[in-house]
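Observations on the model geometry
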2 protein chains.
Amino acid sequence: MERVKCGSIRKEHIEQEVTLKGWVQKRRDLGGLIFIDLRDRSGLVQVVFNPETSTEALQTAEMVRSEFVLEVVGQVVARDAQTVNENLETGAIEVVAKEVTILNKAKTPPFMIEEQSEVSEDLRLKYRYLDLRRKEMQDTFKLRHQTTQVIRNFLNEEEYLEMETPMLTKSTPEGARDYLVPSRVHEGEFYALPQSPQLFKQLLMMSGFEKYYQIARCFRDEDLRADRQPEFTQVDIETSFLSKEEIMAMTERMMKKVMKEVKGIDVETPFPRMAYEEAMERFGSDKPDTRFGLELVNISEDVQDSGFKVFSGAVASGGQVSALNVEGKADEFSRKDIDKLTEEVKVYGAKGLAWLKVKDGEFNGPIAKFFGEEETSSLKDKLEAKDGDLLLFVADKTSVVHDSLGALRLKLGRQLGLIDESKFNFLWVTDWPLLEYDEEEGRYFAAHHPFTMPVEADLEKLQTNPEDVHAEAYDIVLNGYELGGGSLRIHQKDLQNQMFEVLGFSKEEAEEQFGFLLEALEYGAPPHGGIALGFDRFIMILAGRTNLRDTILFPKTASAADPMTDAPGAVDQKQLDELHLQLKAKKQD
Amino acid sequence: MERVKCGSIRKEHIEQEVTLKGWVQKRRDLGGLIFIDLRDRSGLVQVVFNPETSTEALQTAEMVRSEFVLEVVGQVVARDAQTVNENLETGAIEVVAKEVTILNKAKTPPFMIEEQSEVSEDLRLKYRYLDLRRKEMQDTFKLRHQTTQVIRNFLNEEEYLEMETPMLTKSTPEGARDYLVPSRVHEGEFYALPQSPQLFKQLLMMSGFEKYYQIARCFRDEDLRADRQPEFTQVDIETSFLSKEEIMAMTERMMKKVMKEVKGIDVETPFPRMAYEEAMERFGSDKPDTRFGLELVNISEDVQDSGFKVFSGAVASGGQVSALNVEGKADEFSRKDIDKLTEEVKVYGAKGLAWLKVKDGEFNGPIAKFFGEEETSSLKDKLEAKDGDLLLFVADKTSVVHDSLGALRLKLGRQLGLIDESKFNFLWVTDWPLLEYDEEEGRYFAAHHPFTMPVEADLEKLQTNPEDVHAEAYDIVLNGYELGGGSLRIHQKDLQNQMFEVLGFSKEEAEEQFGFLLEALEYGAPPHGGIALGFDRFIMILAGRTNLRDTILFPKTASAADPMTDAPGAVDQKQLDELHLQLKAKKQD
């Protein structure tokens with residue numbers, strides 16, 4: 001008899017005989033009867049073992065414990081009115097067991113398979129196969145599956161071709177650190193796992209495929225944070241002949257479809273756009289969370305001649321002063337509370353956090369004495385400050401002001417419950433700088449990657465004022481997370497060479513590392529561009545999770561290890577020999 | 001104005017103005033006019049540059065050469081009746097150019113972008129982005145895209161969840177050679193790239209997901225043949241609670257759908273089945289090409305007492321004699337031709353190839369004299385031999401007879417045109433042995449993998465006669481290629497432990513390598529099984545190609561290198577230092 005899904009049984013099945021297969025969620029013994037909640041992928045159903053129906057089944061049920069795997073044949077019956085469970089989709093019925101077979105036994109699990117698990121993440125990762133049985137994990141990976149299909153269907157409909165690029169590729173030191181794979185055949189040589197399919201997708205445009213996509217595994221050997229993994233998945237897209245506007249509009253159609261089909265939410269398109277500079281000034285972030293206000297306000301003009309030298313001095317030395325108005329919260333923050341906030345901003349290099357409280361139309365606080373009537377009035381205007389507001393200031397060089405107040409804004413937003421968690425705020429950040437100057441290395445780095453097209457009007461500054469050149473780049477932001485980024489790419493050999501030059505590559509280095517790209521650009525490379533979306537993070541946001549590891553089936557810990565399989569591990573000497581490698585003597589030797 | 005696809009323009013577009021973007025396939029100058037075949041992903045269209053329409057466009061067109069990238073604005077017009085090209089989908093019309101922009105130039109390519117390219121594969125791989133512009137390559141990857149989607153849609157409809165398993169996993173020496181990835185964080189330790197997601201998909205069943213699939217990249221560091229690549233793609237499927245029959249039926253539904261939607265062919269299901277033993281006896285192969293006959297016939301019984309000692313001796317020493325009847329071809333094979341065939345079978349260890357020709361009802365040939373009337377008659381019956389037939393014999397130990405005649409059968413099948421290339425013959429090969437004894441290593445190896453479920457009735461022989469135990473395994477064969485294989489898996493810890501024991505693992509070794517699996521089997525592992533299909537090879541067959549490299553966008557050469565990017569390559573000392581590695585001194589040192 002065909003198996004019926006536990007979670008699918010309803011009143012209309014009453015009197016039917018069904019075969020169920022699944023796991024024991026819970027067993028209860030009650031007055032000679034045994035009740036078992038049987039669980040499969042679809043949900044739970046209550047099975048009753050009754051001596052009058054089958055003593056044999058009852059005897060078997062007595063041996064059963066949590067997580068045993070059972071096959072049950074039984075009859076669907078209505079529950080008594082007083083035992084109907086409204087919280088369970090199958091709560092109106094139960095299955096009276098006629099036969100039961102134990103398909104497999106289970107030891108007592110190290111933690112209960114429950115919706116809210118209070119277990120340490122290490123234990124959850126070691127017994128990942130048990131953790132994944134929990135409903136919230138099952139739901140997350142069903143949502144991940146569904147989102148994958150919605151994206152694919154969308155791209156298929158828009159005539160993108162799904163294409164597979166290589167995993168064993170060439171190491172290119174520009175960018176993050178590569179994972180390397182030693183070659184057995186080519187002594188002393190290595191493949192690299194791809195940080196992204198960037199060059200291959202560009203080569204596919206040069207191959208005439210015009211519209212490419214791939215849900216691609218990528219690898220970066222970087223130190224890990226809560227929202228980073230050694231291997232991650234990105235929705236990778238590239239097109240020929242489309243303008244920046246067309247690529248952005250395609251991305252919006254895709255997001256709109258995902259939000260509708262996965263979350264049932266209508267999002268408005270086009271998405272708002274904000275220039276990089278504006279995002280930094282107003283939100284202190286290149287990925288603003290626009291679900292709440294508490295914006296940064298630049299008050300440099302207002303305090304440039306201030307008697308408070310910390311403010312006027314910062315402006316005079318080329319920096320700036322910006323403020324947050326924490327409206328109506330003056331009374332909620334004691335000096336001690338503000339000291340804690342000060343510690344927060346110091347993490348980002350700020351030397352301190354100045355503050356004022358507004359009471360009876362006047363500024364209160366240790367620095368209030370520095371502000372005359374005119375200054376007070378202009379600040380109150382600019383900050384829309386009213387009685388009961390707490391004003392927080394950082395005066396420093398611009399990058400420190402942005403980073404510290406941007407982080408403080410997010411912290412206060414969460415702490416004060418300003419964020420509407422039901423919102424999905426998409427935002428484009430545009431007008432990016434092409435290059436960033438690295439003081440330590442004393443050279444420019446590509447803000448996105450070295451293949452990003454500069455804005456045509458800025459081209460003449462590429463040699464003279466590289467920092468003023470903007471990129472044809474666009475990042476898509478969702479609820480304060482960078483969801484992805486894209487750009488038009490350089491399709492002209494001369495310009496690509498110029499770019500390598502600005503990045504400090506010698507002709508030989510450029511040729512050695514990217515010779516194949518430079519050569520390909522000579523044989524009819526079409527104008528092209530694309531975008532890549534961080535898929536794990538997108539799922540995290542859609543599933544309402546906060547830990548990236550909850551969106552990856554078998555993730556790695558912060559030390560890039562897997563507590564379940566115990567990877568990475570030692571290998572045989574024979575394996576090393578075949579790869580022409582030896583381990584370095586450890587430091588103590 | 002929106003771009004129109006070159007290959008999409010038809011008579012109904014006549015008089016419309018269109019914008020085209022694409023590559024110059026060919027330019028011809030003719031009586032003051034210039035004709036350009038413009039190519040994009042969709043196909044070709046002829047563009048005419050005419051001094052009366054636009055001298056400026058004509059002047060630009062004069063500079064244009066093959067593979068230049070152009071944007072053309074022009075008007076669709078009907079071709080003169082005598083210039084209509086029936087071979088071209090757009091052959092009834094042409095586009096008269098009003099404006100043309102050169103989007104990018106192209107040097108003369110190292111080979112022409114033509115349907116039939118006579119260029120060496122090395123050059124094609126070095127300039128892969130040019131090779132991929134050829135129509136037959138474009139068509140192959142469109143077919144690959146389409147097949148991917150058909151398979152996904154099928155599996156989605158059958159409620160399989162697409163799930164991503166890790167690429168950075170643990171090395172398990174059992175099986176093929178792993179590609180290793182040194183860990184930076186864990187000194188002296190390594191990840192391995194997966195040979196298949198086998199253990200992870202089994203763990204997903206233990207995680208309660210019930211139906212899993214993934215179009216998964218897999219890696220094997222083996223010496224390469226024409227049909228092997230270091231990285232390859234497989235359609236990977238696993239299910240809980242399904243029987244072998246149900247998994248095979250699901251696979252048949254999937255194949256039926258692919259054949260219908262991709263090739264427009266109705267294949268009959270269920271597919272024929274053949275036991276492994278029968279496949280070896282009749283076809284000398286565990287993946288028989290059933291598109292033609294020329295089957296092996298075992299004549300051991302008939303010749304066991306033969307005066308021809310090569311035959312009777314082979315049978316006496318436990319081997320066998322089998323024959324092929326090459327019907328009606330006696331006159332086409334000279335002694336010299338047969339000598340060539342003899343060289344073929346020697347590759348497989350056969351000591352020689354005996355032969356007979358049938359003429360006027362009698363055997364002819366050097367060994368004819370050994371066969372008396374009775375023997376001749378029984379052989380003629382068994383082999384259905386008639387005048388004009390050529391009979392070929394190998395007498396040896398069984399494996400040599402199978403391998404050599406199996407290979408000879410395929411060679412003759414191709415050479416004599418016996419194979420109907422329009423056929424798609426699916427076949428299940430079943431009743432596999434669980435284990436193979438390796439003489440050299442002096443131990444048993446898993447014929448499929450160590451997680452394959454033995455047939456229950458054979459379990460008692462697992463300790464005593466391991467070679468007689470059959471597996472719950474099934475291979476799917478298409479036109480003589482192994483398309484994939486699957487099995488039920490062991491879901492009981494005790495049995496898995498027994499299996500490791502038979503394979504010669506100590507308790508400690510089993511624990512060290514597969515402890516996490518053994519532990520997972522204790523917590524309610526459901527009965528499960530699945531299948532994996534070699535996707536690159538499937539595409540090769542569907543696309544009618546014979547070289548696996550033509551189905552992979554950026555394949556590796558036989559030495560596992562990429563001539564385009566020049567991977568693998570040397571890396572910086574700094575990269576090695578971070579990985580705690582050093583290169584072994586080369587041998588000459």
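Just so it is clear, the model here is predicted, and its values are computed rather than measured.

A count of helices and strands for chain A gives 17 helices and 23 strands. When the backbone C-alpha atoms are referred to their principal axes, chain A occupies close to 90 × 75 × 60 Å. In chain A, which comprises 589 residues, the share counted as buried stands at 56%. Put simply, chain A shows about 25,200 Å² of open surface, and 45% of that area lies on carbon and sulfur atoms. Each charge class in chain A was averaged separately, 74 positive and 107 negative side chains, and the resulting centres sit 6 Å apart.

With 123 residues of chain A at the interface, the matching set in chain B holds 123 residues. The junction of chain A with chain B conceals about 11,000 Å² of combined surface from both sides, 55% of it contributed by carbon and sulfur atoms. Considering only the side of chain A, the residues that lose the most area to chain B are A:Arg41, A:Glu164 and A:Tyr523, jointly responsible for 8% of the buried surface there. The interface formed by chain A and chain B holds 20 salt bridges in total. Notably, a salt bridge pairs B:Arg184 with A:Asp223, separated by 3.3 Å at the nearest N-O pair. By residue number, the principal contributor to the side of chain A that touches chain B is helix 4 (residues 135–157) of chain A, which donates ten residues. Residues belonging to the side of chain A that touches chain B are distributed by class as follows: 57 nonpolar, 28 polar and 38 charged.

The subject of this paragraph is empty space enclosed by the protein. For the structure on display, the rule yields eight cavities of 30 Å³ or more. Taken together, 35 residues make up the lining of the largest cavity; nearest its centre are A:Ile215, A:Arg217, B:Glu164, B:Gln214 and B:Ile215. Contributions of two or more residues to the lining of the largest cavity are made by helix 4, strand 9 (211–219) and strand 10 (231–240) of chain A together with helix 4 (135–157) and strand 9 (211–219) of chain B. By residue number, the principal contributor to the lining of the largest cavity is helix 4 of chain A, which donates five residues. Here the residues of the lining of the largest cavity sort into 15 nonpolar, nine polar and eleven charged. Size it by volume and the second largest cavity reaches roughly 170 Å³. Together, 19 residues line the second largest cavity, and A:Glu164, B:Arg144, B:Arg217, B:Ile552 and B:Leu553 are the ones closest to its centre. The element best represented in the lining of the second largest cavity is strand 10 (residues 231–240) of chain B, accounting for three residues. When its residues are assigned to classes, the lining of the second largest cavity shows eight nonpolar, four polar and seven charged.

Turning our attention to the pattern of salt bridges. All names here are of chain A. Per the stated rule, a full pass over the model turns up 106 salt bridges over all chains. For the salt bridge of Glu 245 with Arg 273, the shortest nitrogen-to-oxygen distance reads 2.7 Å. With Glu 245 in helix 6 (residues 244–263) and Arg 273 in strand 11 (residues 273–275), the pair connects residues that are 28 residues apart, well separated along the chain. Taken together, the salt bridges that share partners define one network made up of Arg 124, Arg 128, Asp 131, Arg 134, Glu 136, Arg 545 and Asp 550.

All names here are of chain B. The sheet built from eight strands is open, its strands ordered 6-9-10-22-21-20-17-11 with mixed pairing. Here the strands that pair on one side only, and so sit at the sheet edges, are strand 6 (161–162) and strand 11 (273–275). Here strand 21 (residues 481–488) runs beside strand 22 (residues 528–534); their pairing, made up of five bridges, is antiparallel. Within strand 22, the position partnered with Gly 486 by the bridge is Ile 531. Contacting strand 9, strand 10 and strand 22, helix 5 (residues 198–206) crosses the sheet at an angle of about 25° to strand 10.

Attention now moves to the sheet that holds strand 13 (residues 320–326) of chain A. Residues and elements named next belong to chain A. If you walk across this open sheet you meet the five strands as 12-13-16-14-15, and the pairing is antiparallel. In this open sheet, the two strands that pair with only one neighbour each are strand 12 (297–298) and strand 15 (362–364). Judged from the two bridges that link them, strand 12 and strand 13 form a sheet pairing that is antiparallel. In the strand pairing of strand 13, Val 297 is matched with Ala 323.

Another point: the packing of helix 5 (residues 198–206) of chain A against helix 15 (residues 507–520) of chain A. All names here are of chain A. Packing of helix 5 against helix 15 leaves a shortest axis separation of 10 Å and a crossing angle of 20°. With respect to helix 15, the element helix 5 is oriented roughly parallel. Helix-helix and strand crossings are classified by hand; for helix 5 and helix 15 the assignment is left-handed. Here helix 5 contributes Leu 199, Gln 202, Leu 203 and Met 206 to the contact with helix 15, which in turn contributes Phe 514, Phe 516, Leu 517 and Ala 520. Class assignment for the residues of the contact of helix 5 with helix 15 results in seven nonpolar, one polar and no charged.

This part takes up the UniProt feature "binding site: ATP" (unreviewed entry) in chain A. Residues and elements named next belong to chain A. Residues annotated in UniProt with the feature "binding site: ATP" (unreviewed entry) correspond here to Arg 220, Asp 221, Glu 222, Gln 229, Glu 482, Gly 534, Phe 535, Asp 536 and Arg 537. Checked against the lining of the largest cavity, the annotated residues reduce to Gln 229 and Asp 536. Assignment of secondary structure puts Glu 482 in strand 21 (residues 481–488). Here Glu 482 is in contact with Lys 287, Asp 475, Ile 476 and Arg 537, once residues within four sequence places are set aside. Position of Asp 536 relative to the elements: it lies in helix 16 (residues 535–542). Residue class for Asp 536 comes out buried when judged on its relative accessible area of 4%. Setting aside its immediate chain neighbours within four residues, Asp 536 contacts Arg 144, Phe 232, Thr 233, Leu 548, Thr 551 and Ile 552.

In screw terms, the move from chain A to chain B is a rotation of 180° and a rise of 0.0 Å along the axis, fitting with an RMSD of 0.0 Å. Given the turn and translation reported, the copies of this chain are related as if by a two-fold rotation axis. A shared binding surface is used by both copies, with 100% of the interface residues of chain A retained as interface residues in chain B.

With that settled, consider unusual backbone geometry. Along the chain, A:Thr269 connects to A:Pro270 via a cis peptide bond; the corresponding omega equals -5°. Here the residue pair A:Ala567 and A:Pro568 is connected by a cis peptide bond, since its omega of -5° sits within 30 degrees of zero. Among the structural elements, A:Pro568 can be located in the loop between helix 16 and helix 17 (573–578). We note that B:Asp431 has phi near 55°; this positive angle belongs to a residue other than glycine. For B:Asp431, the position within the fold is in the loop between strand 17 (426–430) and strand 18 (435–438). You can call B:Asp431 partly exposed: its relative accessible area is 43%.

Moving on: the confidence of the model for chain A. Residue-level pLDDT values for chain A average 95, and 99% of them are 70 or greater. Confidence metrics for the complex model read pTM 0.96 and ipTM 0.95.

Analysis parameters
- Residues numbered from 1 in each chain as written.
- Chains lettered and ligands numbered in written order.
- Predicted model: local features only at pLDDT ≥ 70, side-chain atom pairs only at ≥ 80, totals over all residues.
- Heavy atoms only, no water.
- Helix = DSSP H or I, 4+ residues; strand = E, 2+ residues; numbered from the N terminus.
- Buried < 20%, exposed > 50% of the residue type's maximum accessible area, 1.4 Å probe, protein only.
- Areas by Shrake-Rupley, 256 points an atom, 1.4 Å probe, with all protein chains shown as cover.
- Lys, Arg positive; Asp, Glu negative; His and termini not counted.
- Charge placed at Lys NZ, Arg CZ, Asp CG, Glu CD.
- Contact = heavy atoms within 4.5 Å.
- Buried area = accessible area lost by both parts, 1.4 Å probe.
- Salt bridge = Lys/Arg side-chain N within 4 Å of Asp/Glu carboxyl O.
- Nonpolar A, V, L, I, M, F, W, Y, C, P; charged D, E, K, R; others polar.
- 1 Å grid on protein atoms, 1.4 Å probe; cavity = no way out; pocket = protein on both sides within 12 Å on 5 of 7 lines; lining within 4 Å.
- Points joined across faces, edges and corners; volume = space filled by probe spheres on them.
- Pairing = 2+ DSSP bridges.
- Axes fitted to C-alpha atoms, helices over the stretch in contact; angles between N-to-C directions.
- Parallel < 35°, antiparallel > 145°, perpendicular 65-115°, else oblique.
- Left-handed = near helix turned anticlockwise from the far one by under 90°.
- UniProt positions renumbered as here; feature names shortened; annotations may be inferred.
- Least-squares fit on C-alpha atoms with pLDDT ≥ 70 in both.
- pLDDT = per-residue confidence, 0-100.

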